[in-house]
Amino acid sequence: MTTSPLVEPFPETGIQPFTKEPIRYVGEDGLPVQNLPAAYTPERLRELHAVMLRAREFDRKLITLLRQGRTTFYAQSSGMEATQVGLAHSIRPGHDWVWPYYRDHTLALALGVPMFELISQVLGSNSDPSRGRQMPHHFAARKQHFVSISSSIANQVPPATGTAMAQKYLGTDEITVCTFGDGATSEGDWHAGMNMAGAMAAPCLFVCENNQWAISTNLSGQTASENIHIKAKAYGMPGFYVDGNDIVAVMEVGRTAAEWVRAGNGPALVECLTYRVGSHSNADADAEKHYRTREEVQEWLGRDPVVRVEKLLEHLGHPIESEERANMISAVHREVDEQVIRAEATGQPDWRIMFEDVYADLPAHLREEAAMLRAEQEGERK
Ligand SMILES: Cc1ncc(C[n+]2csc(CCOP(=O)(O)OP(=O)(O)O)c2C)c(N)n1
């Protein structure tokens, strides 16, 4: 067990919980503000950059799909790539369990969920693992232990704690990862889940993707607390504050916290300070400038996490040339187009699937409803 986790820097990495300022390795200008750990070679940084850029372009293409009316809901994560890709690289994909929230498709991609599955889900096609029964953009991926998403804010927090408690009782070396936005931290479920995790020393890594807006409510309207991570203290767990647009910082803090949780020390909270540069979802009046200024958005566009890695690579003498970047973007666009065609070709699920996959023996009232629908369909066909 590590001693004094609430005040001391963590011995292996020297990373300190409860800092006043977000922990940062790479400044907004792309220059390191402290020594980069040896693992961040130019090759590694290029790999991370490619994952981030793929997610960014996935967002752009899916917005087009939405505008074409081929899906009905989408919530972009543009601007938050360092947080989600960094988190994916802090845990063990397919081993640890993830209770995500609805903006986490970049996390899913980075954990290795095939793009085909994500696109199938958004389209509700036959190839969708949920077979069109979940709201669009509410993914689940069995192989990656990525639990189905709830639209209801903070709903995932108590069951994430429960999963972590089970992992503890079973004595596995898995941990649970639970993500949420800043708005979720005002919900009763959030406090119940955090409290229980602390009391039970459950191996749960809580990650707040603080993008500073909950639809039209900003952080200061959300809480009188000076920040989110400080709330961890009340639940007896360390709280880390990290620059969520700096992938090196997210990975260093994320890995420190995850391994500390895995070592049996109990839960931890990581707050990633980032920004949602796009609209909340397609059901949002962001473009009409009702709740935030264009200047604020511009300011954060200037802190782009993908560009930060490009600037760092340039500084290290390994720049991504503009032609190479353009080719990477075209390749993602082609990949999306191909997966859309493949998913659409599987067709839409039949109404009969409503009655499948839940009951081994269908109860009488559902058998009756199925028979009624069948009769109606047959009547229409005559
Ligand atoms: C229990 C509940 N209350 C309200 C809503 C409506 N709602 C949908 S998204 C959202 C904002 C959540 O903001 P945050 O947790 O910060 O995540 P973000 O969308 O900013 O990533 C709200 C209030 C909901 N889905 N569930």
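As a convention, each chain's residues are numbered from 1 in the sequence order in which they are written. Reporting in this predicted model follows two pLDDT cut-offs: at least 70 for local features of residues, and 80 or more for side-chain atom pairs to be given and counted; totals over whole chains, interfaces and linings ignore these cut-offs and use all residues. Only heavy atoms go into the side-chain values, all of them from the structure, while hydrogens and water stay out.

As recorded by an unreviewed UniProt entry, the chain carries the name 2-oxoisovalerate dehydrogenase subunit alpha and is attributed to Deinococcus radiopugnans ATCC 19172. UniProt positions are given in the numbering used here, feature names are shortened, and annotations may be inferred rather than shown by experiment. Per UniProt, the chain carries the Cofactor (unreviewed entry) text "thiamine diphosphate". As recorded by UniProt, the Function (unreviewed entry) comment attached to the chain reads in full: "The branched-chain alpha-keto dehydrogenase complex catalyzes the overall conversion of alpha-keto acids to acyl-CoA and CO(2). It contains multiple copies of three enzymatic components: branched-chain alpha-keto acid decarboxylase (E1), lipoamide acyltransferase (E2) and lipoamide dehydrogenase (E3)."

The subject of this paragraph is the nonpolar core. Throughout this description, the term nonpolar core refers to a set of buried Ala, Val, Leu, Ile, Met, Phe, Trp, Tyr and Cys residues connected via side-chain atoms within 4.5 Å. Using a 1.4 Å probe on the protein chains alone, a residue whose accessible area is under 20% of its type maximum counts as buried, one over 50% counts as exposed, and one in between counts as partly exposed. Formed by 73 residues in total, the largest nonpolar core has its most connected members in F58, F146, L205 and I247. Grouped together as the second largest cluster of nonpolar side chains are 24 residues, F18, M165, F206 and Y235 included.

Many descriptions give the size of an interface as the accessible area lost when the pieces come together. Domain ranges listed in this record stem from an automatic or a database domain assignment. What the domain assignment lists for the chain is domain 1 (42-349) and domain 2 (351-382). Distance from the C-alpha centre of domain 1 to the C-alpha centre of domain 2: 37 Å.

We now examine the sheet that holds strand β6 (residues 239-243). In this analysis, strands are considered paired if DSSP registers two or more bridges between them. Runs of H or I in DSSP of at least four residues are treated as helices and runs of E of at least two as strands, each being numbered from the N terminus. What the 5 strands build is an open sheet, ordered β1-β2-β3-β7-β6; its pairing is parallel. Two strands close off the open sheet at either side, each with one partner strand: β1 (97-99) and β6. Strand-to-strand twist in this sheet, taken as the mean axis angle between neighbours without regard to direction, amounts to 20 degrees. By the bridge criterion, 6 bridges tie strand β3 (residues 204-210) to strand β7 (residues 268-273) in an arrangement that is parallel. Considered in β7, the bridge of C208 is made with E271. Note on contacts: a residue pair is in contact if any heavy atoms of the two residues lie within 4.5 Å. Here the axes come from fitting lines to C-alpha atoms, over the contacting stretch only for helices, and the angles between their N-to-C directions go from 0 to 180 degrees. Sheet contacts for helix α5 (residues 157-170): β1, β2 (176-181) and β3; angle to β2, the most-contacted strand, approximately 165 degrees. Along the sheet, helix α8 (residues 247-265) contacts β3, β6 and β7; its crossing angle with β6, the most-contacted strand, is approximately 160 degrees.

It is worth spelling out the packing of aromatic side chains at this point. Stacked, edge-to-face and tilted are the three classes for Phe, Tyr and Trp ring pairs, Trp counted by its six-membered ring, which pair at centre distances within 6.5 Å; planes under 30 degrees apart are stacked, over 60 edge-to-face, the rest tilted. Across all of its chains, the model carries 6 aromatic pairs by this definition. Look at F180 and W190: their rings are 5.9 Å apart centre to centre, the planes differ by 80 degrees, and that puts the pair in the edge-to-face class. Linking F180 in strand β2 with W190 in helix α6 (residues 188-199), this pair joins segments that are 10 residues apart in sequence. Within the aromatic cluster, the residues linked to one another by ring pairs are F180, W190 and Y235.

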